[in-house]
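These are the residues of each chain, in order.
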Amino acid sequence: QVQLMESGGDLVQPGGSLKLSCAASGIIFSRAAMAWYRQAPGKERELVANIFSGYNTRYADSVKGRFTIFRDNAKNTVHLEMNNLKPDDTAVYYCKAYGPRRAGGPSGDYWGQGTQVTVSS
């Protein structure tokens, strides 16, 4: 069974920093495309950042220059470093994987349960 577990969400002041982490199991992590999404109250879930199996990255315009996504294939983890946080960054942040299961079968989409980030003074 594929499992994703996020951690690192917290309450921080504007201008502060946080590092989110996502630990994956049950997938061939080195072949998986990973992403961070977020969903604020009353808004649709939006893509924040991607990191692909070849380590290429993409970012939403709203976070470019402030957030950094990176992965550690040896530890089956993906991280999101968030700097200069703004109140509009407040959301539940979700880790997503697309890749093959270690048990076999076609690749699929898998989601974590989310971690709350609140930016407020």
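Before reading further, recall that the structure is shown in the block above.
Reading guide: rules and limits
- Residues numbered from 1 in each chain as written.
- Predicted model: local features only at pLDDT ≥ 70, side-chain atom pairs only at ≥ 80, totals over all residues.
- Heavy atoms only, no water.
- Pairing = 2+ DSSP bridges.
- Helix = DSSP H or I, 4+ residues; strand = E, 2+ residues; numbered from the N terminus.
- Axes fitted to C-alpha atoms, helices over the stretch in contact; angles between N-to-C directions.

Another aspect to go through is the pairing of strand 5 (residues 46–51). Where strand 4 (residues 33–39) and strand 5 come together, five bridges link them in antiparallel fashion. Residue pairing in the sheet places Trp36 in a bridge with Ala49 of strand 5. Connecting strand 4 to the next strand, strand 5, in antiparallel fashion are six residues, including Gly42 with a positive phi near 75 degrees. Bridging between strand 5 and strand 6 (residues 57–59) involves three bridges; their strand directions are antiparallel. Residue pairing for strand 6: Ile51 is matched across the bridge by Thr57. Remark: five residues form the turn of the hairpin made by strand 5 and strand 6, two consecutive strands paired antiparallel; Tyr55 in that turn has positive phi of roughly 75 degrees.

In this section: the sheet that holds strand 3 (residues 18–25). Spatially, 1-3-8-7 is the arrangement adopted by the four strands of the open sheet, whose pairing is antiparallel. For this open sheet the edge positions go to strand 1 (3–7) and strand 7 (67–72), each flanked by a neighbour on one side alone. Direction aside, the axes of adjacent strands within the sheet are offset by 15 degrees on average. Where strand 3 lies against strand 8 (residues 77–82), six bridges are found, and the strand directions are antiparallel.

It is worth stressing that arrangement in space is one thing and function is another; only the former is reported here.
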